[in-house]
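Examining the three-dimensional arrangement
The primary structure of each chain is shown beneath.
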Amino acid sequence: MVSFLGAMSESRRIYLWLVEVVLLFGLIGTLLWLSLTPKKPTYTLVGLEILALRNRNATHGSSKSSANISLELEIRNPNKKIGIYYEATHVTLFYGDHGVGQIVIGSFYQRGREIRREKQSVKAEKPFWRAVFRAVSNRTTADLRVDVTTFVKYLTLGLKSKRQKMEADGWVPVGSDGMISGKRKRIKLHYGPNKWKSRYIVEDGH
């Protein structure tokens, strides 16, 4: 009887040990999966300036120059040990339903936790800056929408992932001085379906 109880106790100890081993490996596997699951890159607009508005304010009148828009985009890889290969990145500005202009950032590789900044200029057409002049005169601010589209591949433990599409966007309020308006001078772009509804229609007024 004692021998039987001893065998039962030994079997129970082995069973509990196996359960602990399985739980431990499960926890390790979960932690590894979380650490090796790539996070999407983050896009933040850190600077935007409509030169025509600044020129207009400087001359106290209507600017006749083209509406060059200077923008600076910050691209951050939030992953610690996962690199990201970017294809050409298209950054498009919209005012209402109308495309204002676009810049293209060439393909590049970004190491883990690396931050890259791109500063370029967009040349907009006259209908755009005329509509913006009217907006800032009537409503103090004008809202632009910034869309970013690209394809990426993640590099994890020397292996590349499949090609994945990235789409992010966000609203940027612009004041009468041609700069980002409000307290938030850094505009983080968000992923997901385009839920923005147009607020303004650009017209080719004279």
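Residues numbered from 1 in each chain as written. Predicted model: local features only at pLDDT ≥ 70, side-chain atom pairs only at ≥ 80, totals over all residues. Heavy atoms only, no water.

**Remarks on the pattern of salt bridges**
Note the threshold: The term salt bridge refers to a side-chain nitrogen of Lys or Arg lying within 4 Å of a carboxyl oxygen of Asp or Glu. Runs of E in the DSSP output that reach at least two residues are strands. Runs of H or I that reach at least four are helices, and both are numbered from the N terminus.
With the rule as written, the count across this model stands at eight salt bridges. Of the charged contacts in the structure, one is a salt bridge between R186 and E74, with a shortest N-O distance of 3.0 Å. With R186 in the loop between β10 (164-174) and β11 (187-188) and E74 in strand β2 (residues 67-76), this residue pair connects regions lying 112 residues apart in the sequence. The partner of E114 in a salt bridge is R111, and the shortest N-O contact between them spans 3.8 Å.

**Here we look at the packing of aromatic side chains**
Heads up, the condition is: What counts as a ring pair is set by centres within 6.5 Å for rings of Phe, Tyr and Trp (its six-membered ring), and what kind of pair is set by the plane angle: stacked under 30 degrees, edge-to-face over 60, tilted for all other angles. Only protein chains enter the accessibility calculation, which uses a 1.4 Å probe; a residue whose area is less than 20% of its type maximum is buried, one above 50% is exposed, and one in between is partly exposed. Whether a charge sits over a ring comes down to the Lys NZ or Arg CZ being within 6 Å of the ring centre and within 35 degrees of the ring normal.
Under the criterion given, the structure shown has three aromatic pairs. Residues Y86 and F108 carry aromatic rings whose centres are separated by 4.3 Å and whose planes lie at 15° to one another, so their mutual orientation is stacked. Taken together, the positions of Y86 in strand β3 (residues 83-86) and F108 in strand β6 (residues 108-110) put the pair 22 residues apart, joining distant regions of the chain. Each member of the pair, Y86 as well as F108, carries the same accessibility label: buried. The aromatic ring of Y191 is capped on one face by K40, whose charged end is 4.6 Å from the ring centroid. Above the face of the F151 ring, R163 is positioned so that its terminal group lies 3.7 Å from the ring centre.

**Describing the confidence of the model for the protein**
Using the following cut-off: For every residue, the pLDDT score states the predictor's confidence, bounded by 0 at the bottom and 100 at the top. Throughout, a residue-residue contact means that at least one pair of heavy atoms, one from each residue, lies within 4.5 Å.
Of the residues in the protein, 73% have a pLDDT of 70 or more, and the chain-wide mean is 79. Long-range and interchain partners of residues 195-206, a stretch whose pLDDT sits below 50, account for 29 contacts in this model, where long-range means more than four residues apart.

**Quick notes on unusual backbone geometry**
One non-glycine residue, R113, adopts positive backbone phi at about 65°. Turning to its location among the elements, R113 is positioned in the loop between β6 and β7 (115-124). Looking at R113, the relative accessible area reads 49%, which means it is partly exposed. The phi angle at L157 is positive, at roughly 50°, despite the residue not being glycine. Residue placement: L157 occurs in the loop between β8 (142-156) and β9 (159-160). L157 sits in the exposed class, given a relative accessible area of 70%.

**Examining the environment of V100**
Looking at the element boundaries, V100 is found in strand β5 (residues 98-105). Here the alpha-carbon distance between V100 and P127, two residues 27 residues apart in the chain, equals 9.2 Å. If near-sequence neighbours (up to four positions away) are discounted, V100 is found in contact with I69, L93, F94, Y95, K123, A124 and F128.

**A look at a nonpolar patch on the surface**
We apply this condition: The patch calculation keeps residues exceeding 30% relative accessible area without a salt bridge and links them within 9 Å when they carry like charges or within 5 Å when they are nonpolar (Val, Leu, Ile, Met, Phe, Trp, Tyr). The Shrake-Rupley method, run with a 1.4 Å probe sphere, supplies the accessible areas, and residue values consider only the shown protein chains as cover.
Together, I14, W17 and L18 line one region of the surface with nonpolar side chains, adding up to about 320 Å² of accessible area. Along the polypeptide, W17 turns up in helix α1 (residues 2-36). For W17, a relative accessible area of 52% translates into the label exposed.

**Section: the environment of F133**
Here F133 is to be found in helix α3 (residues 126-139). Taking the C-alpha atoms as reference points, F133 and L53, separated by 80 residues in sequence, lie 7.4 Å from one another.

**With respect to the pairing of strand β1 (residues 42-50)**
Stated formally: Between any two strands, at least two bridges found by DSSP are needed for them to pair.
Taking burial as the measure, the nine residues of β1 include eight buried ones, the bulk of the element. Sheet analysis places β1 next to β11, joined by two bridges and oriented antiparallel. Bridged to L45 within β11 is I187.

**Remarks on the nonpolar core**
Definition in use: Definition of nonpolar core: a set of buried residues of the types Ala, Val, Leu, Ile, Met, Phe, Trp, Tyr and Cys, connected through side-chain atoms within 4.5 Å.
Among the nonpolar cores identified, the biggest contains 42 residues, and Y43, L48, I50, I69, L73, Y95 and F128 are the most heavily contacted of them. It is α3 that provides the largest number of residues to this core, a total of seven residues. Sequence-distant contacts of Y43, that is, excluding residues within four places in its chain, are made with L73, E74, I75, Y86, V148, T150, M166, A168, I187, K188, L189 and Y191.

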